[in-house]
Amino acid sequence: MEPTIFRFILKYSKAQQLWLLAVIVFSYPFLYLSLDMPKLIVNRAIGDPTGPPYEIPLFGVPVFTLQAGQIEFLITLSLIYLLLVFINGILKYYINVYQGQLGERLLRRLRYQLYERILRFPLRQFRKVSQGEIIPMITSEVEPLGGFIGTAFADPLFQGGQLLIILAFILVQDPILGAAAIAFYPLQIYLIPKLQRRVNELGKARVRNVRRLADHIGESISGVAEVHAHDTARLELSRFAERLGMIYWIRYDIYRRKFFIKFLNNFIDKLTPFFFFSIGGWLVIEGGLSFGALVAVLAAYKDLASPWKELLSWYQQKEDVRIKYGQVIEQFDPPGILDTDRLLGEPDGEADGSVDTAIGLQNVSLIDDDGVRKLDGATADIPSGAHVAVVGAGDSGKGDLAVAIAGLQPPTGGSVTLGEREINTLPRAVTGRRIAYVGPAVHIQAGTFADALTYGLKHQPVKDAQYEGAAVKRRQEEVHEAAQAGNTTLDFGADWIDYAAADVAGPDELERRMIDVLRAVDLDEDVYVRGLRGTIDPERRPDVARKVLNARAAVCDRLADPQVSRLVEPFDAARYNTNATVAENVMFGLPLGDALSEENIAENRYMRRILERVGLTGDFLTIGERVAKTMVEIFADLPPGHEFFERFSFISAEDLPEFQAILGRASRGLDALGEGDRNRLIALPFKLIPARHRLDLCDEGLQVRLLEARRAFAADLPDELAGEIAFFDPQRYNPGATIQDNILFGKIDYGQANAAQNVGKLIAEVLSEPELREVVMSAGLRSPTGPGGSRLSPVQRQKIGIARCLLKRPEILLINEAAAGFDARMQNTVVDRVLDESRGRTVVWVLNNAAMASKFSHVLVMEAGRIVEQGSPAELANEEGGAYRALLHDH
Amino acid sequence: MSLQQEVELLRKIPMFANIEPAQLKLLAFTSERLSYASGEVLCRQGDTGDAAFLIIAGEADVTIETEKGPLTVATLGDHDFVGEIAILCDVPRTATVTARSDLKALRIEKDLFFRLIGEFPEIAKEVMRELSRRLAHSNAQLREMAMSLEKGGEK
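Residues numbered from 1 in each chain as written. Chains lettered and ligands numbered in written order. Predicted model: local features only at pLDDT ≥ 70, side-chain atom pairs only at ≥ 80, totals over all residues. Heavy atoms only, no water.

Here we look at the overall build of chain A
Let me state the cut-off plainly: Strands are runs of DSSP state E lasting at least 2 residues, helices are runs of H or I lasting at least 4, and numbering of each runs from the N terminus. The size measure is the radius of gyration over C-alpha atoms, and the globule rule it meets is 2.2 Å times the number of residues to the 0.38 power. When accessible area is computed with a 1.4 Å probe and restricted to protein chains, residues below 20% of their type maximum are described as buried, those above 50% as exposed, and intermediate ones as partly exposed. Residue exposure ignores everything except the shown protein chains as possible cover, and the areas themselves are Shrake-Rupley values with a 1.4 Å probe.
Within chain A one finds 35 helices and 16 strands. Relative to the compact-globule value of 29 Å for 891 residues, chain A shows a C-alpha radius of gyration of 38 Å, a clear excess of over 25%. A principal-axis box enclosing the C-alpha atoms of chain A has dimensions of 115 × 80 × 75 Å. Looking at chain A as a whole, 48% of its 891 residues are labelled buried. Accessible surface for chain A amounts to roughly 44,100 Å². Of this, 56% is attributable to carbon and sulfur atoms.

Some words on the overall build of chain B
Across its full length, chain B carries five helices and eight strands. Mapped from its N terminus to its C terminus, chain B presents α and β elements in the order α-α-β-β-β-β-β-β-α-β-β-α-α. Taking the principal axes of the C-alpha coordinates as reference, chain B spans close to 60 × 35 × 25 Å. Within chain B, buried positions represent 45% of all 155 residues.

Thoughts on the confidence of the model for chain A
Rule in force here: What pLDDT reports is the predictor's confidence in each residue, on a scale of 0 through 100.
Residues with a pLDDT of 70 or more make up 97% of chain A, whose mean pLDDT is 86. At the low end of the mean pLDDT range in chain A sits helix α6 (residues 175-181) of chain A, at 72; at the high end sits strand β14 (residues 842-846) of chain A, at 94.

Section: the environment of tyrosine 437 of chain A
All names here are of chain A. Keep this limit in mind: By definition, residues are in contact when any of their heavy atoms lie within 4.5 Å. A 3.5 Å cut-off defines polar contacts: any pair of N or O atoms within that distance qualifies, except that in protein one atom must be a possible hydrogen donor and the other a possible acceptor, and neighbouring residues in sequence count only when both atoms are side-chain atoms.
Examined against the element boundaries, tyrosine 437 turns out to sit in strand β8 (residues 435-438). For the pair formed by tyrosine 437 and valine 227, sequence separation is 210 residues and the distance between their alpha carbons is 55 Å. Leave out the neighbours within four places in its chain, and tyrosine 437 touches Ala402, Val403, Ala406, Leu408, Cys805, Leu814 and Asn816. Polar contacts involving the side chain of tyrosine 437 include one to the side chain of asparagine 816, which spans 2.9 Å.

Some remarks on the interface of chain B and chain A
We apply this condition: Here the buried area means the combined drop in accessible surface, using a 1.4 Å probe, for two parts upon being joined, counting both sides. The salt bridge definition used is simple: a Lys or Arg side-chain nitrogen within 4 Å of an Asp or Glu carboxyl oxygen. Residue polarity is assigned by list, with Asp, Glu, Lys and Arg as charged and Ala, Val, Leu, Ile, Met, Phe, Trp, Tyr, Cys and Pro as nonpolar; anything else, Gly included, falls into the polar class.
Counting from both sides, the interface comprises 27 residues of chain B and, opposite them, 32 residues of chain A. Three residues stand out in chain B for area buried against chain A, namely Phe29, Arg115 and Glu119 of chain B, and they jointly supply 27% of the buried area on that side. On the surface where chain B and chain A come into contact, there are three salt bridges. At the boundary of chain B and chain A, one finds eight residue pairs in polar contact (both at pLDDT 80 or more). Taken together, the elements giving at least two residues each to the side of chain B that touches chain A come down to α1 (3-11), α2 (21-30), β1 (32-36) and α4 (110-119) of chain B. The element that contributes the greatest number of residues to the side of chain B that touches chain A is α2 of chain B, accounting for six residues. By residue class, the composition of the side of chain B that touches chain A is 13 nonpolar, five polar and nine charged.

Printed below as a string of structure tokens:
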């Protein structure tokens, strides 16, 4: 990367900076004229009528002669003045927008480059840097650079030029006054940076001290019992006072210096007019200077102050940005950073398609940053199509071997080859498409199951997105802008899925294939269960809706069986459903639009009128306060963004502080709360599910009154809400409800053991049609996995990691202890199915359980970074005193 | 039975006795309270353990498979805590737990429990302390057994 911010700016925006400078230079004559015109008006049109004819001079040269009266002359000059002011304003507007755009483009480029560099970091670098450091560097720390980039050259030129023009103007009017106007500039140029530097240092010291203050407060809170037990309150108070004192003195010093600079600037600013008034006035009286000239000089001087101030602040900003840029980019240049070509380059023709998949390991060594030898001369040949198990103790280096074969970690010695090619010379376009690697900790990007499974097929767009109408132009602009900022122009909205690699014709076939690979890793049932919790649109799939209603009838028939009735609490218009939310109970239905959605229901005026009518408003407020109290109590100590918020809390992490404040205000009485606070509290009880949350806030008395509200709600429902709600109706498919709730026409009982599994069995019995299974699976594939796969268990995440490798149909499949968390039975099944799927293609599987190796054609046994035995598992198992045999007997 | 009462029950378990009330409440809130019919199985020997159970009301039999068929080794009652070893390490269930009567239990899921420990290391510390106490206890028992065996040998 460019070592300084100025080099960076010049490299990527030289032409634009030059254009900007040209526009600025172009604007100067207009500026000069707009300064000159008032003098002309005062002196010629008002003060000294010598015409007609009147000459209108620009830059002192007569360009136009006016045959008219004095008034017309005055009006003409005034209009020219107005025009000049307008042109100046427009030019300034153009320059400002252009600067902003330029800055934003370069900032975009810088961020893109930094992010690209993160992707190019060698993997071991991530052990040294913390996310907490890197993220703010790209997001907030470079932000001020954007503001500066546009002004880097323009400001000194624009403001400096303005300054010079105004100065020139004053000098032309009178050299002595001109000299007087700038007499103090050298002093300011010398003094202000010096004073400011000290202020900056003090500012940094203040931040350090405030951090220390925070430390002390934290320490006192965690050790408050000690303070009381040892009667050391005085000591702590005095320590705190001392720290506050330090901050006070620094602050005081800052104020003194800051305001002294201000005083100095202001004083010098006002000192100059003193000379204008005294010397200039004297010159006017003596007749050496026209009165108009003095007025113009005074006006010009007033204009001088602003560019001068801007120049000084540009200087300060430049210093600040220069240091920041340096600090950021030094973090982004680690040794061993990957070439852009290897990350993004396409394979050259010769390598493409013809890479031999025989893996050769020649004397591979790997020494980590702490000097530990992870691999020590590992040598082996793995022919194409072999199924190889790698076994050994946890620290034998077996995992590092897989990482090295995947090309993720270049070995420190020896070589890993694919056919003739060294793996570390091949671009990711080869290794990342023909090899599939899954490690012991799979990361799932936020999205759906289908997104997670197809992640390994998205190397580049295969089919352009279709744009229509205004979107076409928008996309063109988007591409143009991205290119201007040096970003990639690949369309994120395009279809990226490489169907050919998955050996399918299109999306439909891909979906069936996804279901196949899910079955291979034994995840299909889990996805099916999720699918049952998904929704379908009955208008688009009336056939499915009809079949679901048939299934509902079958369930209904079996509700007499206590084994079934205890699992499901049916929707009954006359009864309160303790497994549904309060909102669902009052509406006796589900929201379709936004008006009655979870976020808006509490503020819906009709709903509030109903609550008021049955006298529930006060109850909701009280319950809301208690819910908020409990949530704040149990979730306050979790870090924001913790997945428990999404899964369990009534209140999101961002809203928690606000509710803390509301509770503070509520402690003075609920009646005193403002409308906004009341709405926030009343919204909480709507989310309550008594059977699940067990907060004891929804007793039977309340339930009876909620039923009353239900009746009132349905009776007077206004027309505009009719389309916003789908009532629970035994005869109809409810489009707002999940497939499962539609089948059950009720809710699973939260309090029944194994209810989910038993209901699953029940549904499987009533929903036997295979076609419906596909619909449910498809809904399951569309269900979200949560940020970082947080809605999945670790085992499910690992299964997806393996499944998406299978979907890629790689020539080499590397599985690095990815099934270690499975229990033995499941591991057995998954190994069998994966090997079966990969017949004829290479599989290298690092096993945690050596006994599993008998399923493979080859075994590599590792010890202390070396491959100590290799051969077929049957042979090695019989070798007396062999390492493999020993491993088998350990288990 | 409300969340607050579940918290009180959890607090009676030595492993949780010294944990902050707010964190215990979080543990209870993220757990499920389940009803089991008589004869229903809470966990089965040999399965991977995915949860621990706090029995709120009811009785359960603990049985182990032997060559001569299932052998009941213990009966659990109100406020007993079972299955905690399985949520602390990846070992298969060492016994089967079956509801003997209609039973209510708080099911603490392993995954959630671990995330909680990740957030509040104090919980891990308390758990570690309790486990060490148990280890010391079983060591003492072993020593006693060894000594009585030796004495037996001398005779």
